[in-house]
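# Remarks on the overall topology
Listed here are the chains, written in short residue letters.
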Amino acid sequence: MIRRPPRSTLSSSSAASDVYKRQAIHLCAAQDSRTLDPYQFVASVAAQLTRIDAYRERLLELDPSCRRESAAQAFLELIVEPAHDLPADQGVRLVVVDALDEAVAREAETVVDVLVEHAGRLPDWLRVVATTRPEPRVVERLKALQCFMLAAGRPENASDLRLYAEDRLRAAPLAQRLDGEPGGPERALAEIERASAGNFLVAKLLLDALASDDVALDDLTEVSPGLQDFYQRFLAGRFPDVDEFDDGYYPLLAALSVALEPLPMDLIATVLDCSVRHARRRVRDVGQLLAERDEGFTLYHRSLADWLVDEKLAGDYWCDPDEGNRFLAQSCWDEFEDDVLEMSDYSWRHLPVHLARAGRWDRLHQAVLSEELGLLPRWLYHAPGPEALECLNGLPESGQLSESDTAALLTQAAHLQGASGDLDQADAMLRRALDYGEATDRPRLRAVALQRPQPCSSIGMIARPPPGCMARRYRSASTIALTWPMRPRRTKWRWRRRRCPRMTGRRPLPPRARLQMRHGASAM
């Protein structure tokens, strides 16, 4: 593990990794929640390792499309064990993981958890090089690994930065831009080395600002080392009139500072309440601070998001994270109301969490009930994670639901808590659900926790189903618990109860449709 000071360069770690062959690389970025997902991390590393023919053949035998109980288990079965089956005569290969400190922002299983549990089991020919800032949460967990402190002031790092800056200053457009300036490239190089203090990101931003004429050469002498002074000077130079910033650019930067993935241009236009043409123009105006990805635009670096949401540091350019979530919640909701099937990928994935963080529980309730959006099946079977838990934990407390619906959602929250391995929290959720649910609902509420993909059967309150005929009813209910609609249909339930004789151990179970009506619909 390479420990680096805040916002320092990665050049030394890259040089170290060049001693061996880099086989896979994974970059954790807080602006893209997919890079923080441990399942995505395992999938990314496995896909890159398939360039080794023997590994690819072994991986196909293991059915990698089948979701494992946890990302750590997936890493063990799909990477560690197949790697041990391969010969070691292919040389040392490296898996490079950058910015582990950003991965611990998740409350559920993280990339750090996966590496702590299984990285030490890799064979000698496959090794992991990970970088992190000196975050105590990360360093304490990885202290058993071999650590190296990457100091920005090391001579090797200073030499790398100087070569990078010289190459940029000799090439267009900086060469033409500095032609005729007092001191020329030599003065610019000295000021960039001073202001960057060994930080490649600061050096790159200053060189880009010089190239686009956003910063004059004389202004470099006033730039303090570090990123915070650069951000302040850039926005103050671009928006000397703060009202102009508030009217045209505040919603954009506020939304980007809390976005969970890169924002597509159509969604940015909705946030800004303007046409796509005008949205592109505004994005270009602050393009120095943004990075364009295949999916859309994001802030260039996590440090910029941290600076924007810090009221003391950003001053007049502070972006309220609550307002940023409201901007995105409203924009994603507009797409939801227009046509669910035409929603952008970002809105499809992150509408619920922005509604929750914006406090729009009434709309979140509608989104959960939407069959087209299919949130509950999606959370339960495909992508359980902290965002789903945040929504399901907060919605019952909002007071927007009936007691029956509150009990139903608490059972789903318990299911996801059990899937994430937190059985104590799952047990607490189920007990709360039983307090809300009616006596006739309680077997069904327990049944939800027994559903796949991960049963919570180790929870004490549901570990032992009732004996005799109740056991058969309990198992039958558990097989259809996740197919019931949200609201119980009491009239038909009573009618069915009058028509159907009471179930006993001597009678066969009723058909599936009748069983569904008989047991109500409150498990969802």
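The rules behind each value
- Residues numbered from 1 in each chain as written.
- Predicted model: local features only at pLDDT ≥ 70, side-chain atom pairs only at ≥ 80, totals over all residues.
- Heavy atoms only, no water.
- Helix = DSSP H or I, 4+ residues; strand = E, 2+ residues; numbered from the N terminus.
- Buried < 20%, exposed > 50% of the residue type's maximum accessible area, 1.4 Å probe, protein only.
- Contact = heavy atoms within 4.5 Å.
- Areas by Shrake-Rupley, 256 points an atom, 1.4 Å probe, with all protein chains shown as cover.
- Axes fitted to C-alpha atoms, helices over the stretch in contact; angles between N-to-C directions.
- Parallel < 35°, antiparallel > 145°, perpendicular 65-115°, else oblique.
- Left-handed = near helix turned anticlockwise from the far one by under 90°.
- Nonpolar A, V, L, I, M, F, W, Y, C, P; charged D, E, K, R; others polar.
- pLDDT = per-residue confidence, 0-100.
- Polar contact = N/O pair within 3.5 Å; in protein donor to acceptor, adjacent residues only side chain to side chain.
- Pairing = 2+ DSSP bridges.
- Patch = residues over 30% accessible without salt bridge, like charges linked within 9 Å, V, L, I, M, F, W, Y side chains within 5 Å.
- Salt bridge = Lys/Arg side-chain N within 4 Å of Asp/Glu carboxyl O.
- Lys, Arg positive; Asp, Glu negative; His and termini not counted.
- Charge placed at Lys NZ, Arg CZ, Asp CG, Glu CD.
- Expected span 1.5 Å × (residues − 1).

### Things to note about the overall build of the chain
On a plain count of helices and strands, the chain comes out with 29 helices and seven strands. Each of the 524 residues in the chain was classed as buried or not, and the buried ones make up 50%. By sequence separation, contacts in the chain at least 24 residues apart represent 73% of the contacts at least 6 residues apart. For the chain, the exposed surface amounts to about 24900 Å²; the carbon and sulfur share of it is 48%.

### With respect to the packing of helix α8 (residues 155-170) against helix α11 (residues 200-211)
Where α8 contacts α11, the axes come no closer than 11 Å and their chain directions differ by 15 degrees. As summarised for this structure, α8 and α11 are arranged roughly parallel, according to the angle between their axes. The two elements α8 and α11 cross, and the hand of that crossing is right-handed. Where α8 approaches α11, its residues N157, D160, L161, Y164, A165, R168 and L169 are matched on the opposing element by F200, A203, K204, L207 and D208. Looking at side-chain class alone, the contact of α8 with α11 contains seven nonpolar, one polar and four charged residues.

### Remarks on the confidence of the model for the chain
Predicted confidence across the chain gives a mean pLDDT of 75, with 73% of residues reaching 70 or more. Put simply, helix α28 (residues 490-499) is where the chain has its lowest mean pLDDT, 40, and helix α14 (residues 250-258) is where it has its highest, 94. Low pLDDT, under 50, characterises residues 2-18; the stretch is placed with 58 contacts to residues that sit more than four places away or in other chains.

### Details of the packing of helix α20 (residues 345-357) against helix α21 (residues 361-369)
The interhelical angle for the contact between α20 and α21, taken along N-to-C directions, is 155 degrees, at an axis separation of 8 Å. By the angle between their directions, the pair α20 and α21 is classed as roughly antiparallel. The crossing of α20 and α21 is left-handed. Contact with α20, carried on its side by P352, L355 and A356, involves W361, R363, L364 and A367 of α21 and no other residues of that element. Class assignment of the residues belonging to the contact of α20 with α21 gives a composition of six nonpolar, no polar and one charged.

### Points about the side chain of Q48
Take Q48: it is sitting in helix α2 (residues 38-49). From its side chain, Q48 meets the backbone nitrogen of I25 in a polar contact 3.0 Å long.

### With respect to the pairing of strand β3 (residues 93-98)
Taken across its six residues, β3 has six buried, putting it largely inside the fold. Both faces of β3 are covered, namely the face carrying R93, V95 and V97 and the face carrying L94, V96 and D98. Bridging between strand β2 (residues 21-27) and β3 involves six bridges; their strand directions are parallel. What sits directly across from K21, in β3, is R93. Pairing geometry for β3 and strand β4 (residues 126-132), over five bridges, is parallel. When the bridges of β4 are listed, V96 appears paired with V129.

### Some points on unusual backbone geometry
In this chain, A172 is followed by P173 through a cis amide linkage whose omega measures 0 degrees. Phi at D63 takes a positive value of approximately 55 degrees, unusual for a residue other than glycine. Take D63: it is sitting in the loop between α3 (53-60) and α4 (71-84). Look at D63 and you get partly exposed, because its relative accessible area is 42%. Look at A99: it is not a glycine, yet its phi comes out positive at around 65 degrees. If you trace the backbone, A99 turns up in the loop between β3 and α5 (100-103). The class for A99 is buried, based on a relative accessible area of 4%.

### A closer look at a negative patch on the surface
On the surface, D241, D243, E244, D246, D247 and D316 cluster together into a negatively charged patch. With relative accessibility at 39%, the residue E244 sits in the partly exposed group.

### Considerations on the environment of K204
Relative to the assigned elements, K204 resides in helix α11. Here K204 falls in the partly exposed class, since its relative accessible area comes to 25%. Taking C-alpha positions, K204 is 9.2 Å from I192, a pair spaced 12 residues apart along the chain. The contact partners of K204, leaving out residues within four places of it in the chain, are Y164, R168 and Y300. Among the polar contacts made by the side chain of K204, one reaches the side chain of D208 at a distance of 2.6 Å.

### Brief notes about α11
Between its first and last C-alpha, α11 extends 16 Å over 12 residues, near the 16 Å set by a 1.5 Å rise per residue. Counting buried positions along α11 gives nine out of 12 residues, so the element sits mostly inside the fold. For α11, the set of buried residues is L201, V202, A203, L205, L206, L207, D208, A209 and L210. Contacts made by the buried residues of α11 are with α8, α9 (174-178), α10 (184-196), α12 (227-238) and α17 (302-308). One or two steps after α11, the chain reaches D213, where phi turns positive at roughly 65 degrees.

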